[in-house]
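# Survey of secondary and tertiary structure
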Amino acid sequence: MSHYKKVIQDYISEHKAKTIELLRQLVMENSVSGNESKAQAIVLEKLRELELDLDVWDPDIKEMKEHPYFISTRDDFAGSPNIVATLKGTGGGKSLILNGHIDVVPEGNIQQWTNPPYSATVVDNKLYGRGATDMKGGNVALILAIEAIKKSKITLKGNVYFQSVIEEESGGAGTLATILRGYSADGVIIPEPTNMKFFIKQQGSMWFRLRVKGKVAHGGTRYEGVSAIEKSMLIVQQIQKLEQLRNDRINDPLYDGVPIPIPINIGTIHGGTWPSSVSDLVTLEGRFGVAPNEKLEAAREEFENWIYNIKNLDDWFVENPVEVEWFGARWVPGTVEADSELVQTLQRNYCETMNQSPIVEAAPWGTDGGLFTQILNIPMIVFGPGETKVAHYPDEFIDLDQLFLSAEIIACTLIDWCGVEDQHESEGAYENEKVL
């Protein structure tokens, strides 16, 4: 371990209580979509304390609507700011984006929580609350990594861009806004909750809506009608066959142990108006998984053709085709090669910190990472503290040890990736702060 990295390790060890308090403040703010401003204000105050160059703005929805990857159900982003903080380097080194989202999903049924979802309760070295693992814990790890470098007076050569963005949970409009604003770098790390695994591939997804038509009739003479409910059952069966077909094509070892790498999920079914009437309309809504190396357009076309060709199985659909609509959220797939310099640099620092090699897998869900690979064509890796299996669930929590370890790994990666300006006169020195 280099001298610089030992200093980072010591700084993080001495500032754990203060970091936990920052995370508690963030988790106590309910930052669902449209309500991000108070949590972002806490982030902004911390970044000002670190004397970073700040860019704060409400994304322009009119500008973003022109981009093919834009998706949102909102009319505007007024009062929902993005934040980009820049730790400027001296020049000559590679740059890195550290990207995390501040928005969280709704808390759901509060009765299912042991403690209130925004209480930020700490028990047995775990901090509980909505957003603790997805992904305010990851954001705080990024801030701590930058703080450790800054306060230790380690001067990097390359720029570091910390991005606290909105709207990831709804499809990535916040990150898209940073790209359209001109932010780019030589690589990206996104600390979504991977349980400290390396996710070098991520699936994309799209939401779909199907309208299945029938013919209304009295329930007593249902044979004179055509049940949209019964026809929708055929649609569901054919979707399951398409799911099997698409997943049979995937032989990537990173998906070993994953039963369905790119699922097609039917999430809602609505149909019928009266128990004694034959249903003349059923609406199915779902999520369509997209493979890491697949284009959204190609995936969408295959799905639409599959639904259209159901007419070959049932003549009813010749005159009454199923209507297909794409709506709501959408995530772009992404991938980075395992032997890329970014992955190798992060892996080297992981091994030094953890004394073991990381587990490398493909992500079971989408992130904003695909926007960086598809639009900017820059390497991106998803790696962070927290577990997927508790994200979006009641009693969501993050293991605090993972937060500090990931911060150390990322800080040390910044040193290797960005390079350090030689400044022997201040090596190892950092500002003395009172540890809270």
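Preceding block: the structure.
The text that follows walks through the structure, step by step, so that each part is easy to find.

Time to look at the overall build of the chain. Summing up its helical and strand segments, the chain has 12 helices and 16 strands in all. Rg of the C-alpha trace for the chain: 24 Å, near the compact-globule value of 22 Å for 436 residues, within the 12% margin. For the chain, the spread of C-alpha atoms along the principal axes amounts to about 90 × 45 × 40 Å. When burial is assessed residue by residue, the chain has 55% of its 436 residues classed as buried. Within the chain, counting contacts between residues at least 6 apart in sequence, those at least 24 apart form 84% of the total. Carbon and sulfur atoms make up 47% of the accessible area of the chain, which totals about 18800 Å².

Right, let's get into helix 6 (residues 173–180). Helix 6 sits mainly inside the fold: seven of its eight residues count as buried. For helix 6, the full list of buried residues reads A173, G174, T175, L176, A177, T178 and I179. In the core, the buried residues of helix 6 are packed alongside strand 1 (53–57), helix 4 (61–64), strand 2 (82–87), strand 3 (96–101), strand 6 (160–165) and helix 11 (369–376).

A separate point is the pattern of salt bridges. Summed over the entire model, instances satisfying the criterion amount to 26 salt bridges. Its salt-bridge partner being D10, residue K6 comes within 2.8 Å of it at the nearest N-O pair. You can see K6 and its partner D10 sitting in helix 1 (residues 3–14), four residues apart, about one turn around the helix. A salt bridge links K94 to E341, with the nearest nitrogen and oxygen atoms 3.2 Å apart. With K94 in the loop between strand 2 and strand 3 and E341 in helix 10 (residues 341–354), the pair connects residues that are 247 residues apart, well separated along the chain. By relative accessible area, which is 26% here, K94 ends up partly exposed. Members of the salt-bridge network, linked through shared partners, are K5, R348, E352 and D416.

All right, on to the sheet that holds strand 11 (residues 281–290) then. Pairing between the strands of a sheet comes from backbone hydrogen bonds, and it takes one of two forms, parallel or antiparallel. Pairing is antiparallel in the open sheet, where four strands are placed in the order 10-11-9-12. Whereas interior strands pair on both sides, the edge strands pair on one side only; in this sheet they are strand 10 (264–271) and strand 12 (323–331). Direction aside, neighbouring strands of the sheet carry axes that sit 20 degrees apart on average. By the bridge criterion, 10 bridges tie strand 9 (residues 204–213) to strand 11 in an arrangement that is antiparallel. Within strand 11, the residue paired with S205 across the bridge is G289.

Right, let's talk about the packing of helix 1 against helix 12 (residues 400–418) for a bit. Here helix 1 crosses helix 12 at 150 degrees, and the two axes come no closer than 10 Å. By the angle between their axes, helix 1 is roughly antiparallel relative to helix 12. Note that helix 1 runs across helix 12; the crossing there is right-handed. Together, Y4, K5, I8, Q9 and I12 of helix 1 and F404, A407, E408, A411, C412, I415 and D416 of helix 12 make up the contact between the two elements. Partitioned by chemical class, the residues of the contact of helix 1 with helix 12 number eight nonpolar, one polar and three charged.

Turning next to the packing of helix 10 against helix 12. One way to put it is that helix 10 packs onto helix 12 with a least axis distance of 9 Å and a crossing angle of 130 degrees. As summarised for this structure, helix 10 and helix 12 are arranged oblique, according to the angle between their axes. Where helix 10 crosses over helix 12, the two elements pack in a sense that is right-handed. Along its contact with helix 10, which presents E341, L342, T345, L346, R348, N349, Y350, T353 and M354, the element helix 12 presents L405, E408, I409, C412, T413, D416 and W417. Its residues assigned to classes, the contact of helix 10 with helix 12 shows eight nonpolar, four polar and four charged.

Mapping T86 onto the fold places it in strand 2. Dropping the residues within four chain positions of it, T86 is found in contact with L52, D53, V160 and Y161.

Moving on, we come to the sheet that holds strand 4 (residues 122–123). Pairing within the open sheet is antiparallel, and its three strands lie in the order 4-5-16. One side of each edge strand has no neighbouring strand; the edge strands of this open sheet are strand 4 and strand 16 (397–399). Pairing of strand 5 (residues 126–128) with strand 16, which is carried by three bridges, proceeds in the antiparallel orientation. Paired with Y128 across the strands is F397, a residue of strand 16. Contacting strand 4, strand 5 and strand 16, helix 12 runs over the sheet at an angle of about 60 degrees to strand 16.

This part covers the nonpolar core. A general tendency of soluble globular proteins is for nonpolar side chains to be buried together. Membership of the largest hydrophobic core comes to 115 residues, with the highest contact counts inside it found for I8, L98, L156, L210, I235 and F288. The contact partners of L98, leaving out residues within four places of it in the chain, are L142, I146, V160, Y161, F162, Q163, I189, I410 and L414.

The tally for this structure, following the rule as stated, stands at 13 aromatic pairs. Aromatic pair W57 and Y183: ring centres 6.4 Å apart, planes at 20 degrees, arrangement stacked. Taken together, the residues span a long stretch of sequence, with W57 in strand 1 and Y183 in the loop between helix 6 and strand 7 (188–190) at a distance of 126 residues. As far as the burial class goes, W57 and Y183 line up, both buried. Taken together, F208, F288, F303 and W326 form an aromatic cluster joined through their ring pairs. One cation-aromatic arrangement involves K94 over W417; the distance from NZ or CZ to the ring centre is 4.7 Å. Note that R181 overlies the ring of W57, its terminal NZ or CZ placed 4.1 Å from the centroid.

On the secondary structure map, Q238 appears in helix 7 (residues 228–248). Apart from the residues within four sequence positions on either side, Q238 is in contact with W306, I310 and L313.

Quick notes on the rules
Residues numbered from 1 in each chain as written. Predicted model: local features only at pLDDT ≥ 70, side-chain atom pairs only at ≥ 80, totals over all residues. Heavy atoms only, no water. Helix = DSSP H or I, 4+ residues; strand = E, 2+ residues; numbered from the N terminus. Rg over C-alpha atoms; globule rule 2.2 N^0.38 Å. Buried < 20%, exposed > 50% of the residue type's maximum accessible area, 1.4 Å probe, protein only. Contact = heavy atoms within 4.5 Å. Areas by Shrake-Rupley, 256 points an atom, 1.4 Å probe, with all protein chains shown as cover. Salt bridge = Lys/Arg side-chain N within 4 Å of Asp/Glu carboxyl O. Pairing = 2+ DSSP bridges. Axes fitted to C-alpha atoms, helices over the stretch in contact; angles between N-to-C directions. Parallel < 35°, antiparallel > 145°, perpendicular 65-115°, else oblique. Left-handed = near helix turned anticlockwise from the far one by under 90°. Nonpolar A, V, L, I, M, F, W, Y, C, P; charged D, E, K, R; others polar. Core = buried A, V, L, I, M, F, W, Y, C linked by side-chain atoms within 4.5 Å. Phe/Tyr/Trp six-rings, centres within 6.5 Å; stacked < 30°, edge-to-face > 60°. Lys NZ or Arg CZ within 6 Å of the ring centre and 35° of its normal.

Everything listed is a geometric property; what it means functionally is a separate question.
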